[in-house]
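Okay, here's what each chain looks like letter by letter:
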Amino acid sequence: MAAGQFYGPSGWDPVQIVAQIVSMQCLFYLSYGLLILVLIGPYETLTVDFIFNWRYMELQSYAGVAVAGCYFINALVGSAFLLLVVERSKKCLDFTVTQYFLHGMMVLSHSGVPSSVIWWLNTVRA
């Protein structure tokens, strides 16, 4: 692979990569939180559990279905953020995997290992 093909003409810049990862995480949680605020806020008392607790993503209640829907819609919104922040199609998979890995670690630290099939399917699908 020729130099600059993967990283672009500016080359490998670890500060830029970390800044892009932090930006993507912030945009992920901002858009996810806004979607939850709009779709669930009028009906439920909101807590961070809607974002970081895998038990809230279930199909037995409106709130659970809405959380799963917000997660899916947020994946679509995240692709637009990738276009704006990363700007290189060759890096999109790397940044997406990193984003959902970090989110998985946050979920793990907040509510333990997810055992919900719905959470896993939604995460893999996203």
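Notes on the structure follow. What you see is a predicted model, and the numbers here were worked out from it, not measured in a lab.

Some points on the packing of aromatic side chains
Phase 1: All chains considered together, the criterion is met by 9 aromatic pairs.
Phase 2: Residues Tyr32 and Tyr71 carry aromatic rings whose centres are separated by 5.6 Å and whose planes lie at 65 degrees to one another, so their mutual orientation is edge-to-face. You can see Tyr32 sitting in helix 1 (residues 14–39) and its partner Tyr71 sitting in helix 3 (residues 62–85), a full 39 residues away along the chain.
Phase 3: On the basis of relative accessibility, which here comes to 1%, the residue Tyr32 falls in the buried class.
Phase 4: Ring pairing ties together the aromatic residues Phe28, Tyr29, Tyr32, Phe52, Tyr71 and Tyr100, which thus form one cluster.

Topic: the nonpolar core
Phase 1: Tyr32, Ile36, Ile40, Met57 and Tyr71 are the most contacted members of the largest nonpolar core, which has 21 residues in total.
Phase 2: Elements supplying a minimum of two residues to this core: helix 1, helix 2 (49–52), helix 3 and helix 4 (92–111).
Phase 3: Beyond its immediate stretch of four places on either side in the chain, Met57 contacts Tyr32, Gly64, Val67, Ala68, Tyr71, Ser116, Ile118, Trp119 and Asn122.

Some remarks on empty space enclosed by the protein
Phase 1: Counted according to the given criterion, the structure contains 2 cavities of 30 Å³ or more.
Phase 2: Its boundaries defined by the atoms lining it, the largest cavity holds a volume of some 40 Å³.
Phase 3: Lining the largest cavity we find Tyr32, Phe50, Ile51, Phe52, Asn53, Trp54, Met57, Val67, His103, Val107 and Trp119.
Phase 4: For the lining of the largest cavity, the secondary structure elements donating two or more residues are helix 2 and helix 4.
Phase 5: Ranked by residues supplied to the lining of the largest cavity, first place goes to helix 2 with 3 residues.
Phase 6: Here the residues of the lining of the largest cavity are counted per class, giving 9 nonpolar, 2 polar and no charged.

Section: the side chain of Ser31
Phase 1: Its location among the elements puts Ser31 in helix 1.
Phase 2: Residue classification places Ser31 among the buried positions, given a relative accessible area of 9%.
Phase 3: For Ser31, the side chain forms a polar contact with the side chain of Asn74, separated by 2.3 Å.
Phase 4: When sequence neighbours within four positions are dropped, the list of residues in contact with Ser31 reads Asn74, Val77 and Phe81.

Examining a nonpolar patch on the surface
Phase 1: Among the surface-exposed residues, Leu30, Leu34, Leu37, Val38, Leu39, Tyr43, Leu46, Tyr62, Phe72, Ile73 and Leu76 lie close enough to one another that they form a single nonpolar patch of about 1,000 Å² accessible area.
Phase 2: The set of elements that each furnish at least two residues to the nonpolar patch consists of helix 1 and helix 3.
Phase 3: No other element matches the 5 residues that helix 1 contributes to the nonpolar patch.
Phase 4: Inspection of the secondary structure puts Tyr62 in helix 3.

A look at the environment of Ala19
Phase 1: Note on placement: Ala19 falls in helix 1.
Phase 2: Note: C-alpha distance between Ala19 and Val85 (66 residues apart in sequence) is 9.6 Å.

Brief notes about the side chain of Gln99
Phase 1: Position of Gln99 relative to the elements: it lies in helix 4.
Phase 2: Those residues in contact with Gln99 that sit more than four places away from it in its chain are Met24, Gln25 and Phe28.

Quick notes on the rules
Residues numbered from 1 in each chain as written. Predicted model: local features only at pLDDT ≥ 70, side-chain atom pairs only at ≥ 80, totals over all residues. Heavy atoms only, no water. Phe/Tyr/Trp six-rings, centres within 6.5 Å; stacked < 30°, edge-to-face > 60°. Helix = DSSP H or I, 4+ residues; strand = E, 2+ residues; numbered from the N terminus. Buried < 20%, exposed > 50% of the residue type's maximum accessible area, 1.4 Å probe, protein only. Core = buried A, V, L, I, M, F, W, Y, C linked by side-chain atoms within 4.5 Å. Contact = heavy atoms within 4.5 Å. 1 Å grid on protein atoms, 1.4 Å probe; cavity = no way out; pocket = protein on both sides within 12 Å on 5 of 7 lines; lining within 4 Å. Points joined across faces, edges and corners; volume = space filled by probe spheres on them. Nonpolar A, V, L, I, M, F, W, Y, C, P; charged D, E, K, R; others polar. Polar contact = N/O pair within 3.5 Å; in protein donor to acceptor, adjacent residues only side chain to side chain. Patch = residues over 30% accessible without salt bridge, like charges linked within 9 Å, V, L, I, M, F, W, Y side chains within 5 Å. Areas by Shrake-Rupley, 256 points an atom, 1.4 Å probe, with all protein chains shown as cover. Salt bridge = Lys/Arg side-chain N within 4 Å of Asp/Glu carboxyl O.

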